[in-house]
Amino acid sequence: AQSVAQPEDQVNVAEGNPLTVKCTYSVSGNPYLFWYVQYPNRGLQFLLKYITGDNLVKGSYGFEAEFNKSQTSFHLKKPSALVSDSALYFCAVRDKRNNDMRFGAGTRLTVKP
Amino acid sequence: ETGVTQTPRHLVMGMTNKKSLKCEQHLGHNAMYWYKQSAKKPLELMFVYNFKEQTENNSVPSRFSPECPNSSHLFLHLHTLQPEDSALYLCASSQDRSLAGASSYNEQFFGPGTRLTVL
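All figures in this text were calculated on a predicted structure; none of them were measured in a lab. (Residues numbered from 1 in each chain as written. Chains lettered and ligands numbered in written order. Predicted model: local features only at pLDDT ≥ 70, side-chain atom pairs only at ≥ 80, totals over all residues. Heavy atoms only, no water.)

A. Representation of the overall build of chain A. When its secondary structure is counted, chain A shows zero helices and 12 strands. Scanning chain A from its N terminus toward the C terminus, one meets helices and strands in the order β-β-β-β-β-β-β-β-β-β-β-β. Rg of the C-alpha trace for chain A: 13 Å, near the compact-globule value of 13 Å for 113 residues, within the 12% margin. Summarising its shape, the C-alpha atoms of chain A cover approximately 45 × 30 × 20 Å along the three principal directions. Counting the 113 residues in chain A, one finds 50% classified as buried. (Helix = DSSP H or I, 4+ residues; strand = E, 2+ residues; numbered from the N terminus. Rg over C-alpha atoms; globule rule 2.2 N^0.38 Å. Buried < 20%, exposed > 50% of the residue type's maximum accessible area, 1.4 Å probe, protein only.)

B. Local environment of the pattern of salt bridges. Residue and element names in this part refer to chain A. Taken as a whole, this structure holds six salt bridges over all chains when the rule is applied. K58 is the salt-bridge partner of E64, the closest N and O atoms lying 2.9 Å from each other. E64 sits in the buried class, given a relative accessible area of 18%. (Salt bridge = Lys/Arg side-chain N within 4 Å of Asp/Glu carboxyl O.)

C. Inspection of the nonpolar core at higher detail. Judged by nonpolar contacts, the single largest core of 28 residues is most densely connected at L33, W35, L47, L48, F74, L76 and Y89 of chain A. Elements with a minimum of two residues in this core: β2 (10-14), β3 (19-21), β5 (33-38), β6 (44-50), β8 (64-68), β9 (73-78), β10 (87-94) and β12 (107-112) of chain A. Looking at this core, the element that brings in the most residues is β10 of chain A, giving four residues. Residue contacts for Y89 of chain A: discarding those within four places in its chain leaves Q6, V21, W35, Y36, V37, L47, F63, L76, G106, T107 and L109 of chain A. Counting 22 residues, the second largest nonpolar core, distinct from the first, contains M46, Y49, C91 and V118 of chain B. (Core = buried A, V, L, I, M, F, W, Y, C linked by side-chain atoms within 4.5 Å. Contact = heavy atoms within 4.5 Å.)

Pasting the structure below:
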């Protein structure tokens, strides 16, 4: 089955520290992987995606993610967290059998001043 | 966020009411989606429309009825809902569903959602 897993419900970091939000995937073949962010009372916003090529993908708001095929991971990272980064983050994979987007359960990131 | 709009933003309804959720996309996309978002659960894909044709119905109860009159508008008609249907209902669109069915790597654009409460 094509799926993603986000092992952490909650991640807490201090402002200015690096942050990592974890995602692992389970797909057959080469995956199309995505990260979205959801702020309170808003819909999901696209951050970045991995399709092919360079394993380090850069996205919006200073975020980046590293595709690791051997570990089947696609962790989201940022070198220096901001309080305004506090939100719900979703990892997703494109199911190539039917083109559906499969989302993880989400990780709530809290950045404290 | 103005690319995909949803109305109403909040809806409270009784179990015997009939209501409709509306979604409109201004991005020229050819595919539209309804998702249900419940607390601490993955987003649940409910319906998919590709070129105005429904291509998926993921075992959604018949009390939810979608309608896609054109490629820019999507409705979700609600009838005799249950309290467990209370959730955030998200609409999304994308430009990626080809008639040939090839897999696409394009991202989806989401509306702000409708917060539904069923009493």
